[in-house]
Amino acid sequence: MTTSTGLTDAISRQEWLKPVEEQLQSALHHAFKSGGETGVRIKDALHGTWLGHPLHVILTDIPLGAWTSAMIFDALAAISERDSMNSAADACVAVGLGGAVVAALTGLTDWQDIDPPARRIGLVHGLINLTAAGLMGASLLTRRREMRANGRALGLLGFLAATAAARLGGNLVYEHRVGVDRSAERDLPQEFRRAAAEADLHEGKPLRVKIDDTPVVLVKSGPEVFALAETCSHLGGPLADGKVEGETIQCPWHGSRFNLKDGRVLNGPAVHRQSCFEVRISEGQIEVRRSAP
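Here the structure is a predicted model, which is why all the values come from computation and not from measurement.

Asker: So what's going on with the sheet that holds strand S5 (residues 243-245)? Which residues, and what values?
Answerer: To summarise the sheet geometry, strands pair through backbone hydrogen bonds and adopt either a parallel or an antiparallel arrangement. Strand order in the open sheet made by the four strands is S5-S6-S7-S8, with antiparallel pairing throughout. Either end of the sheet is taken by a strand with one partner, and the two such strands are S5 and strand S8 (265-267). Strand-to-strand, the axes of this sheet are offset by a mean angle of 30°, without reference to chain direction.

Here is the structure:
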């Protein structure tokens, strides 16, 4: 067992964190819900639905990059004793703190819609980042009080904490697939393939079918039939159990809403467009194939 695997396993076993996770998620859900339509728009913006990519992942580069630069400038200042290096290090610490605030807002927004066991890893990831930001804030204050050595020491501790948090962030992405598109169309054929009988599909009632081991959801809305990847791009929720309204479908797990025509995200927490497929009806049979690029 690697050290990193041992760490995440140890975090997963901390059952005392469960009520903290649940209460914090509930509070965040209530906060956005109480904002009505404005709350929904803010939530979607923080998720990155407008970007088609998780916004949090992009913003985390700001504090990590800035604080890495601060460590380099601190080292150069210690060697050269040039005031310009000290000023550059201080500026990088401050920029990193600003980036950390925005990254924390987007991270909390994403985290509220994460399920166990990733939820607990995400909570600890956030707490360590909070510790890192606190140490960096103390470092900046200490530097400005001309206690340079103490400021550098606090900055180094903050940088090490941020690095540890980043490792847990990598675990969330690569092991738990948080922020990864779950709607991959896999091996859907290039040629039309029978999916279901037209008589089996009813207005507004999603129908789950499998084509070459690829789960597909069929939806009839008015005269049109739509086919999308059945697993929600957010965390793989079953869209066939979702709610259809007009030309939209909503995931039953976390409420992501997609346009049936083109799969674009209408409401988060999903940020990735849902895969859509071409549909035709031939002799009473619904046939589906991979959409052209």
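Asker: Before we move on, could you go through the side chain of Arg-119 and cite the residues and values that matter?
Answerer: Counting through the fold element by element, Arg-119 comes out in helix H7 (residues 118-144). Taking the relative accessible area as the measure of exposure, Arg-119 reaches 8% and is therefore buried. Ignoring anything within four residues of it in the chain, the contact list for Arg-119 reads Lys-18, Glu-21, Glu-22, Gln-25, Trp-111 and Ile-114.

Asker: Outline the nonpolar core, supporting the account with residue identities and numerical values.
Answerer: Judged by nonpolar contacts, the single largest core of 15 residues is most densely connected at Val-217, Val-219, Leu-228, Leu-239, Ile-249, Phe-258 and Leu-260. Leave out the neighbours within four places in its chain, and Leu-239 touches Pro-206, Val-217, Ala-229, Glu-230, Cys-232, Ile-249, Cys-251, Pro-252, Phe-258 and Gln-274. In terms of nonpolar packing, the next biggest core, distinct from the first, is built from 14 residues, Ala-195, Leu-201, Leu-218 and Phe-277 among them.

Asker: Describe in detail the environment of Lys-220, supporting the description with residues and values.
Answerer: With respect to the helices and strands, the residue Lys-220 is situated in strand S3 (residues 214-221). On a C-alpha basis, the gap between Lys-220 and Thr-231 in space is 18 Å, while along the polypeptide they are 11 residues apart. Apart from residues no more than four positions distant in its own chain, Lys-220 is found in contact with Leu-201, His-202, Glu-203, Gly-204 and Val-225. Here Gly-222 takes part through its backbone oxygen, which lies 3.2 Å from a polar atom of the side chain of Lys-220.

Asker: Which residues make up helix H2 (residues 18-34), and what values do they have?
Answerer: The end-to-end C-alpha distance of H2, which contains 17 residues, comes to 24 Å, matching closely the 24 Å that a straight helix rising 1.5 Å per residue would cover. Those residues of H2 that sit buried are Glu-21, Gln-25, Leu-28 and Phe-32. Buried residues in H2, looked at end-on, bunch into an arc of 65°, giving them a common side. Structural note: H2 exposes Gln-23, His-30, Lys-33 and Ser-34 on the side pointing more than 90 degrees away from its buried face. As for H2, its buried residues are in contact with helix H3 (36-47), helix H6 (83-111) and H7. Of the residues trailing H2, Gly-36 is marked for its positive phi of about 60°.

Asker: Please set out the pattern of salt bridges residue by residue, giving values where relevant.
Answerer: What the rule picks out here adds up to 16 salt bridges. Notably, a salt bridge pairs Arg-148 with Asp-90, separated by 2.7 Å at the nearest N-O pair. Note that Arg-148 is positioned in helix H8 (residues 148-174) and Asp-90 in helix H6, a separation of 58 residues in sequence. Judged by relative accessible area, Asp-90 falls into the buried class, the value being 15%. Among the ionic pairs, Arg-289 bridges to Glu-278, the shortest N-O distance being 3.2 Å. Highlighted residues: Arg-289 in strand S10 (residues 285-290) and Glu-278 in strand S9 (residues 276-282), separated in sequence by 11 residues. Taking the relative accessible area as the measure of exposure, Arg-289 reaches 24% and is therefore partly exposed. A relative accessible area of 26% places Glu-278 in the partly exposed class.

Reading the values: the criteria
Starting afresh in each chain, residues are numbered from 1 along the sequence in its written order. It should be noted that, the model being predicted, local features are given only for residues of pLDDT at least 70 and side-chain atom pairs only at 80 or more, the latter also being counted only at that level, while totals for whole chains, interfaces and linings use all residues. For side-chain calculations, the full set of non-hydrogen atoms in the structure is used, while hydrogens and water are omitted. Here the rule is simple: two strands pair whenever DSSP picks up at least two bridges between them. Starting at the N terminus, helices and strands are each numbered in turn, a helix being any DSSP run of H or I of at least four residues and a strand any DSSP run of E of at least two. Structural elements are reduced to axes, namely lines fitted to C-alpha atoms, with helices fitted over the stretch in contact, and the angle between N-to-C directions of any two is expressed from 0 to 180 degrees. The rule is simple: take the accessible area with a 1.4 Å probe, protein chains only, and divide by the maximum for that residue type; under 20% is buried, over 50% is exposed, in between is partly exposed. Residue contacts are defined here by distance: any two heavy atoms, one from each residue, within 4.5 Å place the two residues in contact. By nonpolar core is meant a set of buried Ala, Val, Leu, Ile, Met, Phe, Trp, Tyr and Cys residues that side-chain atoms within 4.5 Å join together. Between N or O atoms, a polar contact is any pair within 3.5 Å; within protein, one atom must be a potential hydrogen donor and the other a potential acceptor, and residues adjacent in sequence are included only when both atoms are from side chains. Multiplying one less than the number of residues by 1.5 Å gives the expected span of a helix. In this description, the arc belongs to the directions extending from the helix axis to the C-beta atoms. Salt-bridge detection follows one rule: a side-chain nitrogen of Lys or Arg within 4 Å of a carboxyl oxygen of Asp or Glu.

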